[in-house]
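# Observations on the three-dimensional arrangement
Given next are the chains, with one letter for each unit.
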Amino acid sequence: RINGFHGLEDTLCVYPRTSRFNHACAPNAEYGMRQGNIMRVRAIRSIAEGEEVCICYLGENVLLSKAVRQRVLQDRYYFLCACSLCAMEADELAARACLSCGVRIP
């Protein structure tokens, strides 16, 4: 369960190389599936030489508050995130819901 990825056909897949990527709430890479459950990982920003390549384990839940991100990661993956975003004092990714329409805004 911990190192698995949900495939396109609602299957649970394990990819030996991709399963070794660590998490960051503001990652420098992302992963995605192609037909046939082929896993692809690509950089989403420049990565410095020697910098660790990280993906986000939270999927589309990137605008969660720090407290919620921490709880989800602890409950699902059994670790307390200490990435650079979580180390910040301000909760930079937390979104607020618009009072008139309910849409989440940064």
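Preceding this paragraph is the structure being described.
Each chain has its residues counted from 1, following the order in which its sequence is written. This being a predicted model, a pLDDT of at least 70 is required before a residue's local features are given, and a value of 80 or more before pairs of side-chain atoms are given or counted; all residues contribute to the totals for chains, interfaces and linings. Side-chain metrics rest on all non-hydrogen atoms present in the structure, leaving aside hydrogens and water.

Turning next to the overall build of the chain. Secondary structure assignment for the chain yields two helices and eight strands. The secondary structure listing takes helices from DSSP runs of H or I that are at least 4 residues long and strands from runs of E that are at least 2 residues long, numbered from the N terminus. Put simply, the chain runs from its N terminus to its C terminus through helices and strands in the order β-β-β-β-β-β-α-α-β-β. Working definition: with a 1.4 Å probe on protein chains only, accessible area under 20% of the residue-type maximum means buried, over 50% means exposed, and in between means partly exposed. A burial count over the chain gives 29% of its 106 residues as buried. Counted over contacts in the chain with a minimum sequence separation of 6, partners at least 24 positions apart contribute 50%. To measure how exposed things are, a 1.4 Å probe is used in the Shrake-Rupley method; for residues, cover is taken only from the protein chains shown. With an accessible surface of roughly 7,500 Å², the chain has 53% of that area assigned to carbon and sulfur atoms. Two residues form a contact once any of their heavy atoms are found within 4.5 Å.

With that out of the way, let us pick up the pairing of strand 5 (residues 38-43). Pairing between strands requires that DSSP locate at least two bridges from one strand to the other. Examined bridge by bridge, strand 4 (residues 29-34) and strand 5 share six bridges and lie antiparallel to one another. Of the residues in strand 5, the one forming a bridge with alanine 29 is alanine 43. Connecting strand 4 to the next strand, strand 5, in antiparallel fashion are three residues, including glycine 36 with a positive phi near 85°.

Turning to the pattern of salt bridges, a few remarks are in order. Here, a salt bridge means any Lys or Arg side-chain nitrogen found within 4 Å of an Asp or Glu carboxyl oxygen. Under the criterion given, the structure shown has two salt bridges. Linking arginine 42 and glutamate 30 is a salt bridge whose minimum nitrogen-to-oxygen distance equals 2.5 Å. Of this pair, arginine 42 sits in strand 5 while glutamate 30 sits in strand 4; the two residues are twelve residues apart in sequence, bridging distant segments of the chain. The class for arginine 42 is exposed, based on a relative accessible area of 53%.

Further remarks concern the nonpolar core. The nonpolar side chains of a soluble globular protein tend to be buried with one another. Cys25, Tyr57, Leu58, Leu73, Cys81, Cys83 and Cys86 are the most contacted members of the largest nonpolar core, which totals 15 residues. Listing elements by their share of this core, those giving two or more residues are strand 6 (54-55), helix 1 (66-77) and helix 2 (84-87). Top element by residues in this core is helix 1. It accounts for three residues. When residues no more than four places from it in sequence are discounted, the contact partners of leucine 73 are His23, Cys25, Tyr57, Leu58, Tyr78, Phe79 and Cys81. We define a nonpolar core as any set of buried Ala, Val, Leu, Ile, Met, Phe, Trp, Tyr and Cys residues linked to one another through side-chain atoms lying within 4.5 Å.

A few words on unusual backbone geometry. Only a minority of non-glycine residues have a phi that is not negative, and only a minority of peptide bonds are not trans. Of note, tyrosine 78 is a non-glycine position whose phi angle comes to about 65°, a positive value. Mapped onto the secondary structure, tyrosine 78 falls in the loop between helix 1 and helix 2.

Pairing of aromatic side chains here covers Phe, Tyr and the six-membered ring of Trp, requires ring centres within 6.5 Å, and sorts the geometry by plane angle: under 30 degrees stacked, over 60 edge-to-face, intermediate tilted. The full count for this structure, using the stated rule, is two aromatic pairs. Taking the centre distance of 5.0 Å and the plane angle of 55° together, the rings of tyrosine 57 and tyrosine 77 count as tilted. Of this pair, tyrosine 57 sits in the loop between strand 6 and helix 1 while tyrosine 77 sits in helix 1, and the two are 20 residues apart along the sequence. Relative to phenylalanine 79, the ring of tyrosine 57 lies with its centre 6.1 Å away and its plane at 90°, an arrangement referred to as edge-to-face. Taken together, the residues span a long stretch of sequence, with tyrosine 57 in the loop between strand 6 and helix 1 and phenylalanine 79 in the loop between helix 1 and helix 2 at a distance of 22 residues. When its relative accessible area of 25% is taken as the criterion, phenylalanine 79 is described as partly exposed. Counting every residue linked through ring pairs, the aromatic cluster contains Tyr57, Tyr77 and Phe79.

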